[in-house]
Amino acid sequence: MEIFDSHAHIFLDDFDEDREDVLRRAADAGVTRIVNVGLDFESSRVALALSRRTPGHYAAAGWHPHESQLLGPEDPGRLMELARDPLIVAIGEIGLDFFRYHSPRDVQLKAFRSLLEAATGSGKPVVIHTRDAYEETREILAEFREGLSGVLIHCFTSGPEEAEGYLELGCFLSLPGVLTYKNAAPMREAAAMIPRDRILVETDAPYLAPVPRRSRRNEPSYLPYLLEELGRILGMTASEAADLTTANALGFFGLEAKGEGAPGGTSDRAPTPAAAR
Ligand SMILES: [Zn+2]
Ligand SMILES: [Zn+2]
């Protein structure tokens with residue numbers, strides 16, 4: 001079983017005490033690929049440095065909506081410069097968070113647009129964080145959709161209606177451990193209707209640990225619990241759900257070329273691990 005964690009933050013200090021153990025447990029559990037997702041310029045650099053250490057680990061260069069008010073005029077350009085590294089497989093996370101409002105609404109909207117503008121034509125897909133901001137997120141994504149090589153809605157926990165809205169835009173949806181929570185019935189309903197080739201899975205570690213590890217620090221080795229549940233919903237084994245979501249993630253992040261699964265892939269943006277290290 002090969003598991004692809006499409007979204008984690010193993011570089012955060014939550015893991016300072018035992019990062020090596022966490023990575024070893026991930027490998028032991030079959031998590032062969034992890035995308036470490038940056039939250040601003042500095043953490044994107046740290047995520048990249050961490051991903052260099054383990055084959056199959058990648059990074060995303062982003063600016064979290066919580067930090068929108070710290071985004072300077074030069075920052076989108078600096079991020080794109082960083083993102084030229086072949087181990088950076090996406091621009092993100094970027095987006096809107098109208099749940100916590102760590103940055104004011106208009107500042108978030110402006111930052112989101114300028115980051116999408118910078119990502120346009122970069123050839124790298126975007127990873128979107130959106131919370132309590134469905135209408136605005138969808139509207140802005142629709143505006144930029146054409147210039148983006150791919151869009152992943154990370155931590156998708158909503159119901160079928162919002163899933164449909166994103167799917168119409170050609171988005172992929174990444175499901176976190178919330179799928180295993182008792183109160184997540186609408187999300188399970190959505191998971192059942194998402195086309196199978198558009199589903200990815202993620203930990204969002206250290207957040208959102210699945211049942212039976214709920215409310216503990218999350219880590220990639222817990223992904224089998226989520227895959228078990230996803231498999232139940234899709235009528236397949238956890239191992240089949242792992243294969244499916246891994247294949248989808250490889251395709252989404254442009255990693256299906258040399259040494260990364262399907263033979264004959266020739267995507268320009270696919271890094272060859274040997275060249276990248
Ligand atoms: Zn997020
Ligand atoms: Zn995240």
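The preceding data block contains the structure.
Residue indices follow the written sequence of each chain, beginning from 1 at its first position. Numbering of ligands from 1 and lettering of chains from A proceed in the order in which they are written. At least 70 in pLDDT is required for a residue's local features to be given in this predicted model, at least 80 for side-chain atom pairs to be given and counted, and no such filter applies to totals for whole chains, interfaces and linings, which use all residues. Heavy atoms throughout the structure, all of them, feed into the side-chain values; hydrogens and water do not.

Account for the nonpolar core, naming residues and giving values.
Inside soluble globular proteins, nonpolar side chains tend to come together where they are buried. We define a nonpolar core as any set of buried Ala, Val, Leu, Ile, Met, Phe, Trp, Tyr and Cys residues linked to one another through side-chain atoms lying within 4.5 Å. Between buried and exposed lies partly exposed: a residue is buried under 20% and exposed over 50% of the maximum accessible area for its type, with that area taken using a 1.4 Å probe on protein chains only. The biggest cluster of nonpolar side chains holds 91 residues, and the ones touching the most others in it are Leu 116, Val 126, Ile 153, Leu 230 and Phe 253. Runs of H or I in DSSP of at least four residues are treated as helices and runs of E of at least two as strands, each being numbered from the N terminus. At 7 residues, helix α9 (residues 238-252) tops the list of elements feeding residues into this core. Residues contacting Ile 153, with those up to four places away along its chain left out, are Ile 128, Thr 130, Leu 141, Tyr 166, Cys 171, Phe 172, Leu 173 and Ser 174. Residue contacts are defined here by distance: any two heavy atoms, one from each residue, within 4.5 Å place the two residues in contact.

Which residues make up unusual backbone geometry, and what are the values?
Here Ala 205 and Pro 206 are connected by a cis peptide whose omega angle stands at 15°. With respect to the helices, strands and loops of the structure, Pro 206 is situated in the loop between β8 (199-201) and α8 (223-234). Residue Pro 212 is bonded to the preceding Val 211 through a cis peptide linkage, with omega at 10°. The topology assignment puts Pro 212 in the loop between β8 and α8. Although it is not a glycine, Asp 132 sits at a positive phi angle of roughly 50°. Among the secondary structure elements, Asp 132 is positioned in the loop between β5 (126-131) and α5 (134-144). The phi torsion at Cys 155 lies on the positive side, around 55°, for a residue other than glycine. By the secondary structure assignment, Cys 155 is in the loop between β6 (151-153) and α6 (160-168).

Tell me about the coordination of the zinc ion (ligand 1), residues and numbers included.
Sites may look incomplete because water is not among the atoms; the donors themselves are N, O and S atoms within 2.8 Å of the metal, or within 3.2 Å for Na, K and Ca. The zinc ion (ligand 1) binds to the protein through Glu 93 (OE), His 129 (ND1) and His 154 (NE2); the donor distances cover 2.0 to 2.1 Å. Ordering the donors of the zinc ion (ligand 1) by residue number gives the pattern E-x35-H-x24-H. The metal-metal distance between the zinc ion (ligand 1) and the zinc ion (ligand 2) comes to 3.4 Å, with Glu 93 coordinating both. Of the two residues, Glu 93 is situated in strand β4 (residues 88-97) and His 129 in strand β5; the sequence distance between them amounts to 36 residues. Residue classification places Glu 93 among the buried residues on the basis of a relative accessible area of 2%.

Before we move on, can you summarise the packing of helix α4 (residues 105-119) against α5 with the specific residues and values?
Two elements in contact, α4 and α5, have axes whose closest approach is 11 Å; the angle formed by their N-to-C orientations is 25°. If you check the angle between α4 and α5, you find them roughly parallel. Helix-helix and strand crossings are classified by hand; for α4 and α5 the assignment is right-handed. Together, Arg 105, Leu 109, Phe 112, Arg 113, Leu 116 and Glu 117 of α4 and Glu 136, Thr 137, Ile 140, Leu 141, Glu 143 and Phe 144 of α5 make up the contact between the two elements. Note on residue categories: nonpolar means Ala, Val, Leu, Ile, Met, Phe, Trp, Tyr, Cys or Pro, charged means Asp, Glu, Lys or Arg, and polar means any other residue, Gly included. Taken together, the residues of the contact of α4 with α5 sort by class into 6 nonpolar, 1 polar and 5 charged. Axis geometry follows a simple rule: fit a line to the C-alpha atoms, using only the stretch in contact for helices, then measure angles between N-to-C directions, giving values from 0 to 180 degrees. What sets the label is the angle itself: under 35 degrees gives roughly parallel, over 145 gives roughly antiparallel, 65 to 115 gives roughly perpendicular, and the rest give oblique. If you view the pair so one helix is near and one far, a crossing is left-handed when the near helix is turned anticlockwise from the far one by less than a right angle, and right-handed when it is turned clockwise.

The values reported here are purely geometric and, on their own, carry no functional implication.
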